[in-house]
Amino acid sequence: MVVASGFIEVNGLNDVEKVVNELKMRSIEVNEVNNEKVVFLIERETMAKIKNDMELIKDINEVENVYLTYYSIEGADEENLSA
């Protein structure tokens, strides 16, 4: 499982609610809304699925840009412990 977090810049304050609703429909958790920025958390099976969903978010008309700030791959630290 891959967990990723980031934020989305929305074109304007009037569009924030529409973007938040769209994210929730796509099973993306909204953690915070600060003016025209929406902080999100997404969990998917692979990094490829995360990347695909990020590209789809960019295609939302009201979205100016999407930034990935953090990601974690489940079990990645366990490999280092057994080495």
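Scroll up to find the structure.
Residues numbered from 1 in each chain as written. Predicted model: local features only at pLDDT ≥ 70, side-chain atom pairs only at ≥ 80, totals over all residues. Heavy atoms only, no water.

Peer 1: I'm lost on the environment of T46 in this one. Help?
Peer 2: Tracing the backbone shows T46 in the loop between β3 (37–44) and α2 (47–58). With 43 residues separating them along the chain, T46 and V3 place their C-alpha atoms 9.1 Å apart. (Helix = DSSP H or I, 4+ residues; strand = E, 2+ residues; numbered from the N terminus.)

Peer 1: I would appreciate a short explanation of the pairing of strand β2 (residues 29–34) in the present structure.
Peer 2: Every other side chain in a regular strand lies on the same face of the sheet, so the side chains alternate between the two faces. Where β2 meets β3, five bridges bridge the pair, whose relative direction is antiparallel. Looking across to β3, one finds that E32 is bridged to V39. (Pairing = 2+ DSSP bridges.)

Peer 1: Got a minute to help me understand unusual backbone geometry in this structure?
Peer 2: Trans is the common state for peptide bonds, and a negative phi is the common state for residues other than glycine. Even without a glycine there, the phi angle at S27 is positive, about 60°. Inspection of the secondary structure puts S27 in the loop between α1 (16–25) and β2.

Peer 1: Sorry, what's going on with the pattern of salt bridges here?
Peer 2: Two side chains bearing opposite charge may form a pair once their charged atoms approach each other closely. Evaluation of the coordinates by the stated rule reveals four salt bridges. Here E62 and K18 are joined by a salt bridge, their closest N and O atoms 3.1 Å apart. In this pair, E62 sits in the loop between α2 and β4 (63–73) while K18 sits in helix α1, placing the two residues 44 residues apart along the sequence. Among the ionic pairs, R44 bridges to D53, the shortest N-O distance being 2.6 Å. (Salt bridge = Lys/Arg side-chain N within 4 Å of Asp/Glu carboxyl O.)

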